Amino acid sequence: MSEADESTTVAIIGAGVSGLTLGNFLLRSGIDCVILERRGREYVEQRQRAGVVDSRAVRMFRAWGIEDRVIGGDPVAPALNFRIDGETRPLAFGSDDQADGRFCPQQMLVRNLIDVFISDGGDLRFDAEVSLENIVDDEHPLVRYRDSDGSTKEVSCEFIAGCDGDRGVSRAAIPVESLTRYAHEYGYAWLTILAEVPANHQSMMALHSRGFAGQFARGPHASRFYLQCPLDTAISEWTDERIWAELETRFGEPVENRGRIANTQLVPLRSVVYSPMRYGRLYLLGDAAHIVPPMSAKGMHLALHDAEVFANAVIHYQTNDHDTSLLDSYSSTCLRHVWNYQAFAAWWTELVHNAGDTSYQGEFRRQTARADLERLFESGAANRLFSEFITGLN
C-alpha cells in the first residue's frame, strides 16, 4: 500500500443526512473523521428531499445534545388529512408520542448539520471525486480523491462509512457476489411537483379513482405535490395547466393558489434492501443500503437510525480496547429495523394507492384497502400501531 497523505479513524463518503449526522456524533465523541462529498456545498444545501423528522429522530438528536442546533420547522400535527372521494377526513393519531416530530425540510436539516459540524471543528471537503481501495478486513482502507483543483490526495482510515446514496461509489466498490439485492417494484410512479404555493395544511392526501394525489408543505411559501401516474409517463406531457387541472380533479376542489411550478420529476415507487450492509471495513448507511417508497416518509428515518448505530459501534470500538462486537453486528442490527419499516412502507403504500385507482390491482384490492383504511379511523388498537410507525417508535 502506498503511503497516504493523511490518516483518520473514519472516512465518511457523502454529505447527506446519514453522513453528516454520523460526522457530528463522532466529532462530539472525540473520534476523528473526514467527510468527503462529490458535489459542491451550494448544491448539497439546496437539494430538495422529504421534510419530516419523526419523533424517534428528534429524540435521538436531543440525546446527543444537538437538537436545538439542527432541528427546525413546525411540530408535526397529530393527524394526517385525507380527501376521500371528495370528502375531507382527518386521521388523528392514537398516541401522544407524535408530539416530538417536526416538519423540517431535509435541506434545512442538512444546512444545520453542516454548520454545526464545521463550527465545531469538523473536516468536510466538497467537490471530492472519490475512489475506494483495500476495503477487505485485513487491509487498512484507503480513500483516494480528486479535489476541485484537480489534484489527487489519499486518506488512510480504519473504517469507511458509505453514505453516498443509491448511485454512489461506496456500494459499487463491493463485489456483486458479496451482496444480495431484495427489491419490490410497485408498478406505478409519482409525478413530483415543487410549486411556489403555500399549503393550507402540513399534509393533504387524496384518494381518487384516477389515482393518489398529495400536497405537503415545504416551508411557508412552497409545496410539494404528488400525482400517481403510469411508469411510462412522459414529463413533457404534463403541462402546468394539466397538472393543476388533475390536482383539482383528484382533490375534488379548486386549487386556490396556482403559483409557479419550479420543478417536476418522475419517481418510480420501489422498495430495495441490500444485505449485508457491510463488506470488510466498508459499512453502508442510508440510501446506499436501502430505499423505501416516499409514501412511507421513512427514508430519512432509516438513514438517521443507521448513523446512530454505526456511531455507537465505532465509539465502542475506540473506548473498549478495539472490541469489534458492535461493528460485527452492525448489519444485522440495522436490517432488523430496516425490514420492520419496509413492511410498514409496503403495506401503507399499497393501501393508499389501491384504495383509489383500480387499474393496477382491481376492485377486490380496492375494497380490502378501504377496509384497512377504515379500521385506522375506527379501531384504537389499529390506529395506535399505525401511529407507532409514523412516529418511528415501533
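### Some words on the sheet that holds strand β7 (residues 102-103)
Consideration 1: Sheet architecture is open: three strands sit in the order β3-β7-β4, paired in antiparallel fashion. Each edge of the open sheet is held by one strand with a lone partner, namely β3 (52-53) and β4 (74-75).
Consideration 2: Sheet topology places β4 next to β7; two bridges connect them, and they run antiparallel. Note on β7: the bridge partner recorded for P75 is R102.

### Brief notes about the packing of aromatic side chains
Consideration 1: For the structure on display, the rule yields 23 aromatic pairs.
Consideration 2: Plain terms: the ring middles of W190 and F212 are 5.3 Å apart, the flat faces sit at 10 degrees to each other, and that makes the pair stacked. Of this pair, W190 sits in strand β12 (residues 180-195) while F212 is found in the loop between β13 (203-207) and β14 (213-217), placing the two residues 22 residues apart along the sequence. Taken individually, W190 and F212 each receive the classification buried, so the pair is uniform in this respect.
Consideration 3: With a centroid separation of 5.6 Å and 75 degrees between ring planes, the pair formed by F310 and Y330 is classed as edge-to-face. Pair noted here: F310 is in helix α8 (residues 299-319) and Y330 is in helix α10 (residues 330-354), with a separation of 20 residues, a long-range link.

### Here we look at the pattern of salt bridges
Consideration 1: Applying the stated criterion across every chain yields a total of 28 salt bridges.
Consideration 2: Residue D100 is joined to R59 by a salt bridge in which the shortest nitrogen-to-oxygen separation is 2.5 Å. Highlighted residues: D100 in the loop between β6 (87-92) and β7 and R59 in helix α3 (residues 55-63), separated in sequence by 41 residues.
Consideration 3: For D100, a relative accessible area of 15% puts it in the buried group.

About the criteria used
Residues numbered from 1 in each chain as written. Predicted model: local features only at pLDDT ≥ 70, side-chain atom pairs only at ≥ 80, totals over all residues. Heavy atoms only, no water. Pairing = 2+ DSSP bridges. Helix = DSSP H or I, 4+ residues; strand = E, 2+ residues; numbered from the N terminus. Phe/Tyr/Trp six-rings, centres within 6.5 Å; stacked < 30°, edge-to-face > 60°. Buried < 20%, exposed > 50% of the residue type's maximum accessible area, 1.4 Å probe, protein only. Salt bridge = Lys/Arg side-chain N within 4 Å of Asp/Glu carboxyl O.

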